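# A look at the structure
Here are the chains, one letter per residue:
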Amino acid sequence: MPETQLPATELTSQYTAQVTGDIERNTKERERLGTEIEALQEQLRALQHDHTVLVSVQQALGGGSAAPAEPAAKAPTATPSVPAQASAQSKRNKPKKAVATSAKKAAAKKPTAKASSAKAPTTAAKPTLVDLIRGHLEQQSEPRSAAEITSALAQTHPDRGIKVTVVRNTLEGLVAKSHVHRTKQGASVFYTAATSAEQTAADAPTEASAG
């Protein structure tokens with residue numbers, strides 16, 4: 001009887017180990033995809049914000065340039081006969097005042113348009129969470145845990161609402177791309193930034209396959 005139970009126990013152990021490995025791989029894959037989705041959503045939010053700013057700038061520029069163009073459209077009014085030139089000249093004096101007035105209005109609107117366009121690069125340059133994490137790690141001389149990185153970024157960027165779970169998932173995504181190194185000390189996991197040469201070497205196969 002014990003001889004028949006022994007193979008069954010070994011088979012159960014093998015299945016348990018296989019299922020455990022599958023669960024770990026599934027978890028890592030979900031974390032990687034979650035990191036990429038988070039990064040893409042943040043890029044999408046930044047692009048949507050930039051689009052709104054650019055549209056407002058375009059509207060401001062369009063309103064400033066459209067006003068002086070109206071007298072130019074009215075200018076080619078042909079005089080059917082010579083006696084009508086006197087009345088036409090008297091009418092031309094009035095549009096000149098309108099042109100001067102519209103030019104002043106356009107000049108008043110231009111600073112606003114410039115101010116709006118000056119804000120656009122500032123919002124466009126808003127770094128993503130991936131950029132913040134990589135930049136923070138590159139400035140550190142020692143490995144940092146996900147909690148330490150989250151605490152530092154939360155102090156530097158309190159308006160971002162950075163969470164440790166999102167930071168950990170982002171770090172794992174960077175580890176998968178060889179942009180960040182992961183080391184384990186006991187039960188704790190620490191991260192360090194990869195060198196520029198290592199990041200370039202990791203990105204090279206992707207660029208080659210894309211070409």
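Everything numeric here is computed off the predicted structure, so don't read it as measured data. (Residues numbered from 1 in each chain as written. Predicted model: local features only at pLDDT ≥ 70, side-chain atom pairs only at ≥ 80, totals over all residues. Heavy atoms only, no water.)

Attention now goes to the overall build of the protein chain. Tallying secondary structure elements over the protein chain gives 6 helices and 2 strands in all. In sequence order, the protein chain lays out its α and β elements as α-α-α-α-α-β-β-α. Taking the contacts inside the protein chain whose residues are at least 6 apart along the sequence as the reference set, 59% of them involve residues at least 24 apart. Looking at the protein chain as shown, the accessible area adds up to about 15000 Å², and 58% of this sits on carbon and sulfur atoms. (Helix = DSSP H or I, 4+ residues; strand = E, 2+ residues; numbered from the N terminus. Contact = heavy atoms within 4.5 Å. Areas by Shrake-Rupley, 256 points an atom, 1.4 Å probe, with all protein chains shown as cover.)

This brings us to the pairing of strand β1 (residues 180–185). In the sheet, β1 pairs with strand β2 (residues 188–193) via 6 bridges, with the strands oriented antiparallel. The partner of Thr183 across the bridge, within β2, is Phe190. Remark: 2 residues form the turn of the hairpin made by β1 and β2, two consecutive strands paired antiparallel; Gly186 in that turn has positive phi of roughly 70°. (Pairing = 2+ DSSP bridges.)

This paragraph deals with the pattern of salt bridges. Summed over the entire model, instances satisfying the criterion amount to 6 salt bridges. Between Glu42 and Arg160 there is a salt bridge, and its shortest N-O distance comes to 2.0 Å. Of this pair, Glu42 sits in helix α1 (residues 2–74) while Arg160 sits in the loop between α4 (146–156) and α5 (164–176), and the two are 118 residues apart along the sequence. Judged on exposure class, the residue Glu42 and its partner Arg160 are both buried. What emerges from the salt-bridge pattern is a single network uniting Glu29, Arg32 and Glu36. (Salt bridge = Lys/Arg side-chain N within 4 Å of Asp/Glu carboxyl O. Buried < 20%, exposed > 50% of the residue type's maximum accessible area, 1.4 Å probe, protein only.)

All buried positions along α4 are accounted for by Ala146, Ile149, Thr150 and Leu153. Take α4 and look down its axis: the buried residues cluster within an arc of 100°, on one side only. Considering only its buried residues, α4 is in contact with α3 (129–139), α5 and β2. (Arc of directions from axis to C-beta.)

Once that is clear, we can look at the confidence of the model for the protein chain. Of all residues in the protein chain, 64% have pLDDT values of 70 or greater, and the mean over the chain is 75. Of the regions scoring below 50 in pLDDT, residues 64–76 engages in 6 contacts with residues more than four places distant in sequence or in other chains. (pLDDT = per-residue confidence, 0-100.)

Moving on, we get to the nonpolar core. In this structure, Ile133, Leu137, Ile149, Leu153, Val167, Leu171 and Tyr191 are the most contacted members of the largest nonpolar core, which totals 15 residues. Elements with a minimum of two residues in this core: α3, α4 and α5. In terms of residue count, the dominant contributor to this core is α3 (5 residues). Every residue in contact with Tyr191, bar those within four places of it in the chain, is listed here: Leu137, Pro143, Arg144, Ala146, Arg168, Leu171, Glu172, Val175, Val180, His181 and Arg182. (Core = buried A, V, L, I, M, F, W, Y, C linked by side-chain atoms within 4.5 Å.)

Let us look at the packing of α3 against α5. Interhelical geometry of α3 versus α5 gives an angle of 75° and a closest axis separation of 10 Å. Looking at the two axes, α3 sits roughly perpendicular to α5. Across the interface between the two elements, Leu129, Val130, Ile133, Arg134 and Leu137 from α3 touch Val166, Val167, Thr170, Leu171 and Leu174 from α5. Partitioning the contact of α3 with α5 into residue classes produces 8 nonpolar, 1 polar and 1 charged. (Axes fitted to C-alpha atoms, helices over the stretch in contact; angles between N-to-C directions. Parallel < 35°, antiparallel > 145°, perpendicular 65-115°, else oblique. Nonpolar A, V, L, I, M, F, W, Y, C, P; charged D, E, K, R; others polar.)

The phi dihedral of Ser178 falls on the positive side, at around 65°, and the residue is not glycine. Note that Ser178 resides in the loop between α5 and β1. When its relative accessible area of 35% is taken as the criterion, Ser178 is described as partly exposed.

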